[in-house]
Amino acid sequence: MAQRRGTRVKNLSDALVEDACPLCSVLKDFQTCHLNELDRHEVDRLCGFHVWMVAKLADARSAAAVFLRIIARPFPQESPISACDACERIAQEERTRVKEFAASLNNPQFMRWLRDHGALCLPHAQKILSEVPKTAQSDIVLALSRRRSELTQKLTELLRQAGDKLPTQPGVLGRAAEYLVAQRGLRS
Ligand SMILES: [Zn+2]
Ligand SMILES: [Zn+2]
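A short tour of the structure in this document, coming up. Here the structure is a predicted model, which is why all the values come from computation and not from measurement. Each residue is numbered by its place in its chain's sequence as written, counting from 1. Lettering for chains starts from A, numbering for ligands starts from 1, and both go in the order in which the items are written. With pLDDT at 70 or above as the cut-off, local features in this predicted model cover only qualifying residues; side-chain atom pairs require 80 or more to be listed or tallied, and sums for whole chains, interfaces and linings still use all residues.

**Quick word on helix α1 (residues 22–36)**
Stated precisely, the cut-off is as follows: A helix here means a DSSP run of H or I that spans at least four residues, while a strand means a run of E at least two residues long, and both kinds are numbered starting from the N terminus. Each residue after the first adds 1.5 Å to the expected span of a helix. Three exposure classes are used. Buried residues have 20 or more other C-beta atoms within 10 Å of their own C-beta, exposed residues have 12 or fewer, and partly exposed residues fall in between, all C-beta atoms being placed from the backbone. The contact criterion used here is simple: two residues whose C-beta atoms, placed from the backbone, lie within 7 Å are in contact.
For α1, with 15 residues, the first-to-last C-alpha span of 21 Å sits near the 21 Å given by 1.5 Å per residue. Buried within α1 are the following residues: Pro 22, Leu 23, Cys 24, Val 26, Leu 27, Gln 31, His 34, Leu 35 and Asn 36. Contacts made by the buried residues of α1 are with α2 (48–57), α3 (60–71), α4 (85–104), α6 (122–129) and α8 (172–182).

**Examining the nonpolar core**
Spelled out, the test is: Throughout this description, the term nonpolar core refers to a group of buried Ala, Val, Leu, Ile, Met, Phe, Trp, Tyr and Cys residues whose C-beta atoms join them within 7 Å.
Within the largest apolar cluster, 12 residues are counted, these being Ala 15, Cys 21, Leu 23, Cys 24, Val 26, Leu 27, Phe 101, Ala 119, Leu 120, Cys 121, Ile 128 and Ala 182. Broken down by element, the residue count for this core peaks at 4 residues, all from α1. Grouped together as the second largest cluster of nonpolar side chains are 9 residues, Leu 35, Leu 38, Leu 46 and Val 66 included.

**Quick look at the environment of Arg 95**
Its location among the elements puts Arg 95 in helix α4. Here Arg 95 falls in the exposed class, since 12 other C-beta atoms lie within 10 Å of it. Measuring from C-alpha to C-alpha, the distance between Arg 95 and Ile 128 comes to 9.6 Å, with 33 residues separating the pair along the chain.

As structure tokens, this is what we get:
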């Protein structure tokens with residue numbers, strides 16, 4: 001469903017929820033808002049993924065204005081066909097948010113969330129690692145490996161129960177799927 005124009009993009013501390021990567025969460029939110037206001041920006045190149053997202057999510061006026069602009073591009077084109085203005089804008093926002101998250105690790109609320117849940121996706125964890133001092137790096141690595149070993153343990157147990165034709169614990173595959181999908185970041 002199309003979001004209202006001018007909707008505030010949520011901030012990082014709002015996105016500290018148990019089982020989702022806060023950076024993916026704020027960037028998905030940003031992406032939706034950005035796609036809804038695309039006609040206000042200089043957009044005349046969109047990748048296939050964002051063309052479909054605009055068609056599905058953006059309001060009709062914004063989508064039609066942007067599609068008209070893309071169709072009107074002169075031919076032959078100077079920039080490569082693979083370039084996408086939305087991807088570039090989101091990557092720019094991602095760099096800002098990764099730095100913001102890295103700086104927020106001084107904040108006890110962020111540190112507590114990282115120690116208790118640590119649900120960062122791998123691409124974002126890797127980007128944050130390159131922004132933080134050594135002491136915070138070990139906290140991030142620890143949080144990720146704790147989460148991974150918890151899932152490994154649950155899946156191993158599920159495999160054993162299923163092999164022995166015992167009743168299996170519900171919800172494990174759903175949590176593992178959520179984790180695996182989250183590793184794919186924004187395009188999941
Ligand atoms: Zn993420
Ligand atoms: Zn794109």
